[in-house]
Amino acid sequence: MAEQQEQERHAVPQTPDDALGYEHARDALLEVVRQLENGGTSLEESLALWERGEQLAKVCQRWLDGARARLDAALAAEEEPESDE
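Here is what the cut-offs are and how they apply
- Residues numbered from 1 in each chain as written.
- Predicted model: local features only at pLDDT ≥ 70, side-chain atom pairs only at ≥ 80, totals over all residues.
- Heavy atoms only, no water.
- Helix = DSSP H or I, 4+ residues; strand = E, 2+ residues; numbered from the N terminus.
- Buried < 20%, exposed > 50% of the residue type's maximum accessible area, 1.4 Å probe, protein only.
- Contact = heavy atoms within 4.5 Å.
- pLDDT = per-residue confidence, 0-100.
- Patch = residues over 30% accessible without salt bridge, like charges linked within 9 Å, V, L, I, M, F, W, Y side chains within 5 Å.
- Areas by Shrake-Rupley, 256 points an atom, 1.4 Å probe, with all protein chains shown as cover.
- Salt bridge = Lys/Arg side-chain N within 4 Å of Asp/Glu carboxyl O.
- Lys, Arg positive; Asp, Glu negative; His and termini not counted.
- Charge placed at Lys NZ, Arg CZ, Asp CG, Glu CD.
- Core = buried A, V, L, I, M, F, W, Y, C linked by side-chain atoms within 4.5 Å.

## Considering the overall build of the protein chain
Logical step 1: Of regular secondary structure, the protein chain possesses 3 helices and 0 strands.
Logical step 2: Written out in order from the N terminus, the α and β elements of the protein chain read α-α-α.
Logical step 3: Per-residue burial for the protein chain yields a buried fraction of 11% across its 85 residues.
Logical step 4: Look at the contacts in the protein chain between residues 6 or more apart in sequence, and 73% of them connect residues 24 or more apart.

## Notes on the confidence of the model for the protein chain
Logical step 1: When the pLDDT values of the protein chain are averaged, the result is 83; 74% of them are 70 or greater.
Logical step 2: Here helix α1 (residues 2–11) is the element of the protein chain with the lowest mean pLDDT, 43, and helix α2 (residues 22–38) is the one with the highest, 97.
Logical step 3: Counting interchain partners and residues more than four positions distant, the pLDDT-below-50 stretch residues 1–14 has 1 contact.

## Some points on a negative patch on the surface
Logical step 1: Side chains of Glu44, Glu45, Glu51 and Glu54 sit close together on the surface and give a patch of like negative charge.
Logical step 2: Within the secondary structure layout, Glu54 lies in helix α3 (residues 43–84).

## Focus: the pattern of salt bridges
Logical step 1: For the structure on display, the rule yields 3 salt bridges.
Logical step 2: Measuring nitrogen to oxygen at the nearest pair gives 3.2 Å for the salt bridge that ties Asp27 to Arg26.
Logical step 3: Taking relative accessible area as the criterion, Asp27 reaches 42% and is therefore assigned partly exposed.
Logical step 4: Glu31 serves as the salt-bridge partner of Arg34, at 3.1 Å between the closest nitrogen and oxygen. With Arg34 and Glu31 both in helix α2 and 3 residues apart, this pair spans about one turn of that helix.
Logical step 5: Under the relative-accessibility criterion, Arg34 is labelled partly exposed at 45%.

## Considering the nonpolar core
Logical step 1: Counting 7 residues, the largest nonpolar core is built from Leu20, Ala25, Val32, Leu49, Leu56, Val59 and Cys60.
Logical step 2: Listed by contribution, the elements that provide at least two residues to this core are α2 and α3.
Logical step 3: Broken down by element, this core gets its largest block of residues, 4 residues, from α3.
Logical step 4: Each residue touching Leu49, except ones within four places of it in the same chain, is listed here: Val32, Gln35, Leu36 and Thr41.

Structure, rendered in structure tokens:
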């Protein structure tokens, strides 16, 4: 049983970013950029910030892609009745 739980935990990697909304991820990304632009961090800290920024940018992109898909679907649904006439 413990082995099965261990496998399930590793099967679907989840990050706290999965729960972030677009605005929260965008604001966090802006803060990372500010920190990097201000400098004064070690190389290791800068790399960690950059990696975090990449993660946050991906979250934002997923939200934007999803919004685009919803808009495209809504526009396509509006055009369907017109083509039947």
